[in-house]
Amino acid sequence: MVARGDRCNLATTVMMLAAMTAVAGTVDEKIKKGEADGTIEITTKGNTHDACDKGCDVTFTSTTDGDVVVKPGETKYFEINKTDDFTRDGGFQWKCCGSSERSRIKGATYIKVVRKEDTGAFEEFWVEIKLK
């Protein structure tokens, strides 16, 4: 049996998730908007590092928004499109200067990419989103 307070908290959470989902835009736009207006809290768990020639864009291809391009100096979020065993276990594909690459953060669904301005290096973080 669920206590009345728990039902109210669950209902509030479901309504907030529905409101976030109803907002048009990419996962990146929704997360950044939620952070800016204080309706969500972001925490990071695991992370991994990769590199790409700084003259090339990094393009993440296994996302729910299609291709997500990250240029030097940018930070972007995406949700992994879990279509196979690799992606269901926190794996994601990306491209650099035409080469296809793969990375994984076991258990991840949402990823934050932080790309350095002056080098081709970038870091991917496992992101957990909590509604406030």
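Shown above is the structure to which this text applies.
Reference entry: report on the structure contained in this document. Quick caveat: nothing in here was measured; it's all calculated off a predicted structure.

Describing the sheet that holds strand S6 (residues 99–104)
Stage number 1. Read from one edge to the other, the open sheet built from four strands follows the order S3-S2-S5-S6, with strand pairing classed as antiparallel. Pairing within the sheet leaves two strands with one partner each, and these edge strands are strand S3 (68–70) and S6. Taking each pair of neighbouring strands and ignoring which way they run, the sheet shows an average axis angle of 30°.

Overview of the state of the cysteines
Stage number 1. For the coordinates displayed, the defined rule picks out two disulfides.
Stage number 2. Covalently, Cys52 is tied to Cys96 through a disulfide, its sulfur atoms 1.9 Å apart. Between Cys52 and Cys96, the disulfide has an S-S torsion of 90° and is therefore right-handed. In this pair, Cys52 sits in the loop between strand S1 (40–51) and strand S2 (58–60) while Cys96 sits in strand S5 (residues 91–96), placing the two residues 44 residues apart along the sequence. A single burial state applies to Cys52 and to Cys96, both of which are buried.
Stage number 3. What connects to what in the chain, once the bonded cysteines are numbered by sequence position, is 1-3, 2-4.

Observations regarding the pattern of salt bridges
Stage number 1. Throughout the structure, instances matching the rule amount to seven salt bridges.
Stage number 2. Between Lys45 and Glu128 there is a salt bridge; the shortest N-O distance is 3.2 Å. Highlighted residues: Lys45 in strand S1 and Glu128 in strand S8 (residues 121–131), separated in sequence by 83 residues.
Stage number 3. Of the charged contacts in the structure, one is a salt bridge between Asp85 and Arg88, with a shortest N-O distance of 3.1 Å. Note that Asp85 and Arg88 are positioned in helix H3 (residues 85–88) at a spacing of three residues, about one turn of the helix.

Analysis parameters
- Residues numbered from 1 in each chain as written.
- Predicted model: local features only at pLDDT ≥ 70, side-chain atom pairs only at ≥ 80, totals over all residues.
- Heavy atoms only, no water.
- Pairing = 2+ DSSP bridges.
- Helix = DSSP H or I, 4+ residues; strand = E, 2+ residues; numbered from the N terminus.
- Axes fitted to C-alpha atoms, helices over the stretch in contact; angles between N-to-C directions.
- Disulfide = S-S within 2.5 Å.
- Buried < 20%, exposed > 50% of the residue type's maximum accessible area, 1.4 Å probe, protein only.
- Salt bridge = Lys/Arg side-chain N within 4 Å of Asp/Glu carboxyl O.

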